Amino acid sequence: MKYLRNIFDDVKPTFSKGGVAEKYFPIYDIFENLFFLSRNKTKNPIHVRDALDIQRMMVIVWLSTFPAMFFGMYNIGNQSLEYLALIDTPNTGDWHHYLVSIFGYDPNSFINKIWFGAVYFIPIYATTFLVGISWEILFAIIRKHEVNEGFFVSSVLFALSCPPDLPLWQAALGITFGIVIGKEIFGGTGKNFLNPALTGRAFLYFAYPSDISGDKVWISGLSDQMVVPQGYSGATPLGIAAESGVPGLNDKYSWFDAFAGNIPGSVGETSVIAISIAAVILLMTRIASFRIILGTLIGMIVTSSLFNIIGSDTNPMFNVPFYWHLVIGSFAFGLIFMATEPVSGSGTNKGRWIYGIVIGVTVVLIRVVNPAFPEGMMLAILFANLLAPVIDHLVVNNNLNKKIKYREAI
Amino acid sequence: MYNLKKGLDIPISGSPDGTISDSTKISHVGLLGPDFVGMKPTMMVNEGDEVYIGSKLFEDKKNPGVFFVSPAAGIVKSINRGEKRRFISIEIEISDSETQVDIENVNTNDLIKNLYEFGVINYFRTRPFNKSPKLNDIPNDIFINICDTNPLSVDPFIYISDELELFNESLIKLKETFDCNIHVCYQNDKFKNFIDGINYHKFNGPHPAGLSGTHIHFIKPVDIDSKCWYLDGQGLLSFGDFAINNKIRTSKYISIGGPSIIEPKVVKARIGSDCRELVAGNISDNSRLISGSVLNGYEINDSISFLGFYHNQVSAISDVVPDTFMNWLMPGSKLHSKLGAFVSSWIKPDEFQFNTALNGSNRGIVPVAAYEEVMPLNIMSLQLLKSIVVKDIENALKLGVLELAPEDLSLCSYVCPSKYDYCSILDENLELIYKELQ
């Protein structure tokens, strides 16, 4: 540790004011911060400080995605190897094949499954990370501030919300849009009004719908092989529910399959169990707001139950009960990781309840009565992001009016 | 009775117990410029002049008629100025035998005039703006604070009870002098000496339940036209001594504590004591000595070395910031944090060894729950913090910025993961608002 510290101390003058590489201080700063807490000291008038900083906060969120990430990788392998075994083709049909074949295509081997998933997911994540951090550093250098660790979270969430077959150039384009338009042009982390990861994801969704929606993209290899055996479908449970409702779902998957994550979908979204681990971490550390989480759940349960009561003969989604809504699509993923993003969400405690309820209601509305998009979570959260300032404005005004009354009463 | 739930008592080690001991001998005292918000002095003495207790040292150029007097008799040793000749401090070397200037308070009018002449008015501060009252100002409410919830402070009741008679006489005199509502805010259950015509309010709860800003907010929130003054219990004793006994008080009770203080204690020491003399031999090496609390104080250095006029404590913490390897990954059982991101939040040690580490570096505001959890006032904390950071004073006024003094935001700064200093920012905003109103 001492050795490492000495290296940093030796290099620091080069990057500090007056040094040759003064401009590139943010790059040095990333590495120094990675290993050592900054040596900054407190100044008048506050001489002691809470130990929590943005770096630790963001890293906790980042680490909390790991269960979902590893399960996601396993699940990619699980789904795809089964499919490939079914069509009896041990070849994904593209460059991934060279890497996958190192361990093989055995659909019963845990190692093969996880390796298969890693071969698909890690390039997406690596691309996202490298492209994203390049933008971050560029903006940090131009704006002369330090790189904000919020990027760690945005990049992993973006990668986890993508389908496993996503072309890498799209990943690069998506995260670019998310970071630059969703965050940096407004001044960086803390000043963005949209969730950067979701902004990037939404950009891809509307720019390249064929690569990011439909039935073919959720099973790696399916879109390349284009062989669909009798009775097989790569559709996500959400797609099935939109087609044929609960009976269709029960035909194909049990509720527990969907809860555990044994279903096709975006990399990180499938396992509600893995996401629950993250929920526990984020709630215990109190980084995520329990108000937003409960509000969203309430909104979703009430609205979906309302649709259950109304019922419909033509739209099978009306009859999907709330416990299915919870486990299909990206509801749980969006709820725990995206909706709770504090910057783009509501900034008042009452507002957080309302913000959550808006998400819960909107997601069911989009899923059930909107014919164009089967998945509503992404759009519901972005919509609520836009609404958050209005919610806060109303809450603040309400508070101010109450205060005026209190004053008059005195 | 006001029971506050939100807030935070910082579990810092080195609190003194309640026994009062003798102070070490002090040879220098001083007055600090930064204590008095917006004050610009017109000097009335030069270095080398001889002064008595109560001799005028300077007058506030911005608030004419308000004088500042010497808390000791002796020689003016130095007048320190900083950048742009900004006044920092005036130092007086105490002589062996001290005399006080003559004071005679014959009637109420005399007394009010003399309060300004002999600087006693400076114990009172106005809310909004936290400045000394102006000449001829008459308050509607005066808040007397005999709570102290600052970290490492002691309950003022222990020394009030020593001088209870003077305390009560002072209250009566204050009522008589200004003929306004007097509110006494206390925290100790043993405080039972209630006088007719004075309003008593009990405040329970963690810091900031003991700050005047909190009391005023709940009892009678101020706005721009409010004529509200506040002072602490020791200020009242000084007022009482002056009004009743024609005496300028030269000492006050101070708690000395913190992880770097070898023997924490409460002492009766000179007003404006040289802090280094006060803790001589009682402090570990490589420590930062602070006049005031760790949440609201001055670092003692060569230019600022005296006890602040409004400070009732001296704190010391370690100034050595050890290299923390991969702070983002470590369990952190010895680091204090309001939220639950460190193991310490779960094993809950009683006390922590705080040091002067900022524990991070400056970032954009990320609205975590902590701000609301340490703000018991009915104020939209996050919105207010954001508006003062961007100096949107119009919005800040709407949100109630005038109710605050910098110390009221010190916990928000403490918990801020982006490491903002909202206290200094609030100061700038209040100054800006004050100027706009002139």
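This one's a predicted model, so the numbers in the text were calculated from it and none came from an experiment.

K.L.:
What am I meant to see in the overall build of chain B here?
P.N.:
Along chain B, the regular secondary structure elements total 12 helices and 19 strands. Here the C-alpha radius of gyration of chain B, 21 Å, is about what a compact globule of 438 residues would show, namely 22 Å. Principal-axis analysis of the C-alpha atoms places the extent of chain B at approximately 65 × 50 × 45 Å. Counting the 438 residues in chain B, one finds 63% classified as buried. For chain B, long-range pairs separated by at least 24 residues make up 68% of all intrachain contacts whose partners lie at least 6 apart in sequence. Accessible area of chain B: about 16,900 Å², with a carbon and sulfur share of 47%. Computed over 41 positive and 56 negative side-chain charges, the separation of the two mean positions in chain B equals 5 Å.

K.L.:
I'm lost on the pairing of strand 18 (residues 296–299) of chain B in this one. Help?
P.N.:
Residues and elements named next belong to chain B. Bridge analysis of strand 17 (residues 287–293) against strand 18 gives 4 bridges, and the strand direction is antiparallel. Paired with I290 across the bridge in strand 18 is E299. Counting the residues that bridge the hairpin from strand 17 to strand 18 gives 2 residues.

K.L.:
Is there a simple way to think about the interface of chain A and chain B in this case?
P.N.:
How big an interface is tends to be stated in terms of the accessible area lost upon association of its parts. Contacts between chain A and chain B engage 57 residues on the former and 74 residues on the latter. Carbon and sulfur atoms supply 54% of the area that chain A and chain B bury against each other, a total of about 6,000 Å² over both sides. One can count 7 salt bridges joining chain A with chain B. Between A:R352 and B:E372 there is a salt bridge, and its shortest N-O distance comes to 3.6 Å. Across the chain A-chain B interface, the total number found is 34 residue pairs in polar contact (both at pLDDT 80 or more). Going through the elements one at a time, helix 1 (2–15), helix 2 (25–35), helix 3 (54–64), helix 18 (349–369) and helix 19 (377–409) of chain A are the ones with two or more residues in the side of chain A that touches chain B. When its residues are assigned to classes, the side of chain A that touches chain B shows 26 nonpolar, 15 polar and 16 charged.

K.L.:
What exactly am I supposed to notice about the side chain of B:H28 here?
P.N.:
All names here are of chain B. Residue position: H28 is located in strand 3 (residues 28–32). Classification of H28 as buried rests on a relative accessible area of 14%. Side chain to side chain, H28 and S27 meet in a polar contact 3.0 Å long. Beyond its immediate sequence surroundings of up to four residues, H28 is in contact with K77, E91, I92, E93, I94, G272, S273, D274, E277 and F306.

K.L.:
For this particular structure, what's the right way to read the pattern of salt bridges?
P.N.:
Pairing between side chains of opposite charge can happen when the charged atoms of each approach one another. Across all of its chains, the model carries 29 salt bridges over all chains by this definition. Of the charged contacts in the structure, one is a salt bridge between A:R5 and A:E32, with a shortest N-O distance of 2.8 Å. Remark: A:E32 occurs in helix 2 and A:R5 occurs in helix 1; sequence separation between them is 27 residues. Residue classification places A:R5 among the buried positions, given a relative accessible area of 5%. Close ionic contact of B:K247 with B:D241 constitutes a salt bridge, the shortest N to O distance being 3.8 Å.

Thresholds, definitions, all that
Residues numbered from 1 in each chain as written. Chains lettered and ligands numbered in written order. Predicted model: local features only at pLDDT ≥ 70, side-chain atom pairs only at ≥ 80, totals over all residues. Heavy atoms only, no water. Helix = DSSP H or I, 4+ residues; strand = E, 2+ residues; numbered from the N terminus. Rg over C-alpha atoms; globule rule 2.2 N^0.38 Å. Buried < 20%, exposed > 50% of the residue type's maximum accessible area, 1.4 Å probe, protein only. Contact = heavy atoms within 4.5 Å. Areas by Shrake-Rupley, 256 points an atom, 1.4 Å probe, with all protein chains shown as cover. Lys, Arg positive; Asp, Glu negative; His and termini not counted. Charge placed at Lys NZ, Arg CZ, Asp CG, Glu CD. Pairing = 2+ DSSP bridges. Buried area = accessible area lost by both parts, 1.4 Å probe. Salt bridge = Lys/Arg side-chain N within 4 Å of Asp/Glu carboxyl O. Polar contact = N/O pair within 3.5 Å; in protein donor to acceptor, adjacent residues only side chain to side chain. Nonpolar A, V, L, I, M, F, W, Y, C, P; charged D, E, K, R; others polar.

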